[in-house]
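Given next are the chains, with one letter for each unit.
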Amino acid sequence: MAVQAPRKRLGLLNRYNDPIQVILYLLGGALLVAILFISINNVAQGNYTVRNFLQDLIFGIAQGSIYALIALGYTLVYGVLLMINFAHSEVFMAGAFIGFFAIYAMDQSGFLMAYTAVALLIVLVVGMAASTVTGVIVERVAYRPLRKAPRLVPLITAIGASITLQQLFLLLFGGATRSYPNVSLYVLPSVFRLDCTVTDGVETCLGLDLIGKTYDVTVFGMQLFVRPLYLIILVIALVLMAALWFIVQRTKVGRAMRSVAEDKDTASLMGVNVDRVIVITFVLGAALAGAAGVMFALYNRQVTAFMGFLPGIKAFTAAVFGGIGNIPGAMAGGLMIGILESVMPSLLGLPIQLKDVVVFGILVLILIFRPSGIFGEVLAKKKV
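Residues numbered from 1 in each chain as written. Predicted model: local features only at pLDDT ≥ 70, side-chain atom pairs only at ≥ 80, totals over all residues. Heavy atoms only, no water.

Caption draft 1: Local environment of empty space enclosed by the protein. Applying the stated rule across the entire model yields one cavity of 30 Å³ or more. In this structure, the largest cavity spans a volume of roughly 50 Å³. What lines the largest cavity is G73, V77, N85, H88, V91, G135, T281, F282, G285 and A286. Of all elements in the fold, only α3 (50-81), α4 (88-109) and α11 (274-300) reach the threshold of two or more residues within the lining of the largest cavity. Here the lining of the largest cavity takes four residues from α11, the largest share from any one element. Class assignment for the residues of the lining of the largest cavity results in four nonpolar, six polar and no charged. (1 Å grid on protein atoms, 1.4 Å probe; cavity = no way out; pocket = protein on both sides within 12 Å on 5 of 7 lines; lining within 4 Å. Points joined across faces, edges and corners; volume = space filled by probe spheres on them. Helix = DSSP H or I, 4+ residues; strand = E, 2+ residues; numbered from the N terminus. Nonpolar A, V, L, I, M, F, W, Y, C, P; charged D, E, K, R; others polar.)

Caption draft 2: Representation of unusual backbone geometry in the model. With phi around 55 degrees, L82 is a residue other than glycine that occupies positive phi space. Of note, L82 is situated in the loop between α3 and α4. Overall, L82 belongs to the partly exposed group, its relative accessible area being 39%. The phi dihedral of L188 falls on the positive side, at around 50 degrees, and the residue is not glycine. Counting through the fold element by element, L188 comes out in the loop between β2 (186-187) and β3 (196-199). (Buried < 20%, exposed > 50% of the residue type's maximum accessible area, 1.4 Å probe, protein only.)

Caption draft 3: Representation of the layout of surface pockets in the model. Reported here for the second largest pocket is a volume of approximately 440 Å³. L32, I35, G361, I362 and L365 are, among the 18 residues lining the second largest pocket, the residues nearest its centre. The set of elements that each furnish at least two residues to the lining of the second largest pocket consists of α2 (19-44), α13 (327-347) and α14 (355-369). It is α14 that provides the largest number of residues to the lining of the second largest pocket, a total of seven residues.

Caption draft 4: Geometry of the packing of α3 against helix α9 (residues 252-262). At a minimum axis distance of 6 Å, the contact between α3 and α9 shows a crossing angle of 55 degrees. By the angle class used here, α3 and α9 are oblique. For the pair α3 and α9, contact is made by L76, G79 and V80 and by M257, V260 and A261, respectively. When grouped by side-chain class, the residues that make up the contact of α3 with α9 number five nonpolar, one polar and no charged. (Axes fitted to C-alpha atoms, helices over the stretch in contact; angles between N-to-C directions. Parallel < 35°, antiparallel > 145°, perpendicular 65-115°, else oblique. Contact = heavy atoms within 4.5 Å.)

Caption draft 5: The packing of aromatic side chains, seen in detail. Summed over all chains, the structure comprises 17 aromatic pairs. When the ring of F97 is compared with that of F173, the centres are 5.3 Å apart and the planes differ by 25 degrees; the resulting orientation is stacked. With F97 in helix α4 and F173 in helix α7 (residues 152-173), this residue pair connects regions lying 76 residues apart in the sequence. Through a chain of ring-to-ring contacts, three or more aromatic side chains come together here, namely F97, F100, F101, Y104, F169, F173 and Y180. (Phe/Tyr/Trp six-rings, centres within 6.5 Å; stacked < 30°, edge-to-face > 60°.)

Caption draft 6: A look at the nonpolar core. I66, L69, L72, F92, I103, Y143 and L244 are the most contacted members of the largest nonpolar core, which totals 101 residues. Sequence-distant contacts of F92, that is, excluding residues within four places in its chain, are made with I66, I70, S131, A289, A292, G293, F296, M307, G308 and P311. (Core = buried A, V, L, I, M, F, W, Y, C linked by side-chain atoms within 4.5 Å.)

Caption draft 7: Summary view of the pairing of strand β7 (residues 222-226). Two elements, strand β6 (residues 215-219) and β7, share five bridges in a ladder whose sense is antiparallel. Counterpart to T218 in the pairing with β7 is Q223. As consecutive antiparallel partners, β6 and β7 are separated by two residues, and within that stretch F220 has a phi angle of approximately 50 degrees, a positive value. (Pairing = 2+ DSSP bridges.)

Caption draft 8: A look at the state of the cysteines. One pass over the structure, following the stated rule, counts one disulfide. Disulfide pairing is shown between C196 and C205; the S-S distance is 1.9 Å. Taking the torsion about the sulfur-sulfur bond, which here is approximately 100 degrees, the covalent link between C196 and C205 counts as right-handed. Classification of C196 as partly exposed rests on a relative accessible area of 29%. (Disulfide = S-S within 2.5 Å.)

Caption draft 9: Structural context of the packing of α2 against α14. Following both chains from N to C, one finds α2 and α14 inclined at 135 degrees, their axes separated by 10 Å at the closest point. It follows from the interaxial angle that α2 and α14 lie oblique. The chirality of how α2 crosses α14 is left-handed. Residues Q21, L24, Y25, G28, G29, L31 and L32 of α2 touch α14, and the partners they reach there are L365, I368 and F369. Classifying every residue of the contact of α2 with α14 by side-chain character gives seven nonpolar, three polar and no charged. (Left-handed = near helix turned anticlockwise from the far one by under 90°.)

Caption draft 10: Quick peek at α14. Compared with an ideal rise of 1.5 Å per residue, which puts 15 residues at 21 Å, α14 spans 21 Å between its outermost C-alpha atoms and is within 8% of the ideal. Of all the positions in α14, only V358, V359, I362, L363, L365, I366 and I368 are classed as buried. Buried positions along α14 lie against α2, α12 (309-322) and α13. (Expected span 1.5 Å × (residues − 1).)

See below:
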């Protein structure tokens, strides 16, 4: 009918003529102008240089890789169940926490020092396994019985599951902060002549420490502090994200996941085991969160029962930034949040303690100007 198009235009006009929406746009626009003005002023006065940017960028990419891996768990579950799994931050914590006990045991036995690369791989697998078990238990106990409930009920349950996991780990392992041991993994001593000693006239070099040390590197005449672990985190994150993308887009399991995301009832009628697909979704998301937890603990070193809260919220912000339910969006959103969190405080002349304000300010701006995220949500049907 000819009346349909005018109705859509009228709805759009009404949305933009809403006084509250207009006020939000004005406030958000004023904030963006202020940020731009302060940034340009700091750069012009030499308070923020190219070297500062590159230094912040290095750390931001590593941090963003962690957020991206966690954000993929949020976006996977939302894509299939249309719910935000706020317990996912504790799934991340479980991987880091159980990984601590694995690396501590190997450190005490001497295995960590003798076979460092193998030990770190074992810790990564243990952390992913711990997070996977935690994620599956949460799905089976907290979410499956509420599958047909209104959407608000699983959301409240997710918050309850998050608090329950925090308190359970606190009860089992205590409130003391656990610290990962110092780890060094030296490679290529003939290429990188670092940490050399001379004994009886013979020089012995350990090589490049991939995990524990930070090195001074000169790039285009600028001295930067580079920790090889950051590059390793980025590479592992990209490999895991590419593997997830391949599973979702190119495998039978991925096709089943996408069909369940489109319509659970129709997928079930076509022979798809919906419960099994949902469990696989939680397994994939939890495994990525476990890997993120171990890598986060390797450079941050400290683990507690409450360590998952802030990274989890920032990863959720990354998922919203990229477009909730959008896998490439979650990857890009995580990297962007990590970079902005690292760059913006220095660029604006703020104390580094206010970096969380920057992240959550970004979340507010996204919700004002682009609620569906930069890449948009992935929906079975377009919103009317």
